[in-house]
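Now for the letters of each chain:
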Amino acid sequence: YLKEKGVKLVWNQNGVAYPAWDKENYQRTNSRLAQLLSLADYVVYQSDFCRQSADMYLGKAKVPSQVRYNPVDTEQFTPSDNPPSLDVWQLLVTGTHLQPDRVLLILKTLAELNKRGQEARLTIAGRLDWPDGDKETHEAITQLKLTGKVELLGAFSQDQAPGIYQATHILFHIKYKDPCPTVPIEAMSCGVPVVGSLSGGMPELLSDEGGILLEVPDVWDKMCYPAPEEMVEAVIKIMGDLDSWRQKARQRAVSHFSKDFWLEQHRQIFNEVL
């Protein structure tokens, strides 16, 4: 109806469905996305990974397109004037947790750090949104002898988010093939380096400045994650030169993901389409 009335469609393409994520429904999900993509007058891909995966599962766009990463308000998400003490390493995992390994593997990483004699604590912010997520998480905390070392914040607002990042030293983001997550961008803007998965759009977002990405297999039929031992070594490396990592992370967010830059880019796109 809108196309018949001459309304232009600028389509923002994030991730696609694939077997490891959407199982038997991925083809049906992608068919709806492909239909909408085919109606677009212009396509904005949230990362080059988004473009590649859309080409693979939805088909190549036949209209002008470009890659534009998600933005962050670098004036709202800023480094803390009083960063947390280095006496206790403060670790964070945040977002909507749909897969258990994204949380449970981090708990194992925390346990290994404490086993090695390093005092560390973990904040888990966001909903534990897989079946029995709350139960499994509490059981893991007990089994790994982490009682008192883990804080469960649950859901939080965008206004609360900067304070959550500012209270931590390192963010974990090991979601597999994440297309263009805003959580690592927000963390970097707060001067918080990231330990993550070398998959999806993460290499584009972090490069070698925003943190350390750990290798995982490149497949589409199962979820893959770094081992806790690898994450421990990455944490130790970052904490050994934290001031430098903090500065590099903040600079990358400011220079690549500024909200003002994103708005100007979209103003140009809309003018071109109209």
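Scroll up a little and you will see the structure.
Residues numbered from 1 in each chain as written. Predicted model: local features only at pLDDT ≥ 70, side-chain atom pairs only at ≥ 80, totals over all residues. Heavy atoms only, no water.

A.B. asks: Mind showing me how you'd approach the sheet that holds strand E9 (residues 211-214) here?
C.D. replies: Whenever strands of a sheet pair, they do so through backbone hydrogen bonds, lying parallel or antiparallel. A sheet is described by the order of its strands in space; here six strands give the open sequence E6-E5-E4-E7-E8-E9, paired in parallel fashion. Edge positions in the open sheet fall to strand E6 (150-154) and E9, since each of these has one partner strand only. Between one strand and the next, the sheet's axes are offset by a mean angle of 20 degrees, whatever the strand orientation. Pairing of strand E7 (residues 170-173) with strand E8 (residues 194-197) involves three bridges; the strand directions are parallel. Looking at the pairing, His173 lines up with Gly196 of E8. With respect to the sheet, helix H4 (residues 101-115) is in contact with strand E4 (89-94), strand E5 (120-125), E6 and E7, its orientation differing from that of E5 by roughly 165 degrees. (Pairing = 2+ DSSP bridges. Helix = DSSP H or I, 4+ residues; strand = E, 2+ residues; numbered from the N terminus. Axes fitted to C-alpha atoms, helices over the stretch in contact; angles between N-to-C directions. Contact = heavy atoms within 4.5 Å.)

A.B. asks: Hey, could you run me through the side chain of Thr94 in this one?
C.D. replies: In this fold, Thr94 is placed in strand E4. Reaching out from Thr94, the side chain makes a polar contact with the backbone oxygen of Ala125 at a distance of 3.4 Å. Excluding anything up to four places from it in sequence, Thr94 contacts Arg102, Ala125, Phe156, Tyr165, Leu171 and Val183. (Polar contact = N/O pair within 3.5 Å; in protein donor to acceptor, adjacent residues only side chain to side chain.)

A.B. asks: I'm lost on the environment of Val67 in this one. Help?
C.D. replies: For Val67, the position within the fold is in strand E3 (residues 65-67). By relative accessible area, which is 17% here, Val67 ends up buried. Counting along the chain gives 55 residues from Val67 to Asn12, while the straight-line C-alpha distance between them is 9.7 Å. Look past the residues within four positions of Val67 in its chain and what remains in contact with it is Tyr45, Gln46, Ser47, Asp48 and Arg51. (Buried < 20%, exposed > 50% of the residue type's maximum accessible area, 1.4 Å probe, protein only.)

A.B. asks: Whenever I open this one, the packing of H4 against helix H5 (residues 133-143) confuses me. Can you help?
C.D. replies: At a minimum axis separation of 10 Å, H4 and H5 run at an interaxial angle of 10 degrees. The orientation of H4 with respect to H5, classified from their angle, is roughly parallel. Between H4, through Val103, Leu104 and Leu107, and H5, the contact on the second element is made entirely by Glu136, Thr137, Ala140 and Ile141. Residue classes in the contact of H4 with H5 are distributed as five nonpolar, one polar and one charged. (Parallel < 35°, antiparallel > 145°, perpendicular 65-115°, else oblique. Nonpolar A, V, L, I, M, F, W, Y, C, P; charged D, E, K, R; others polar.)

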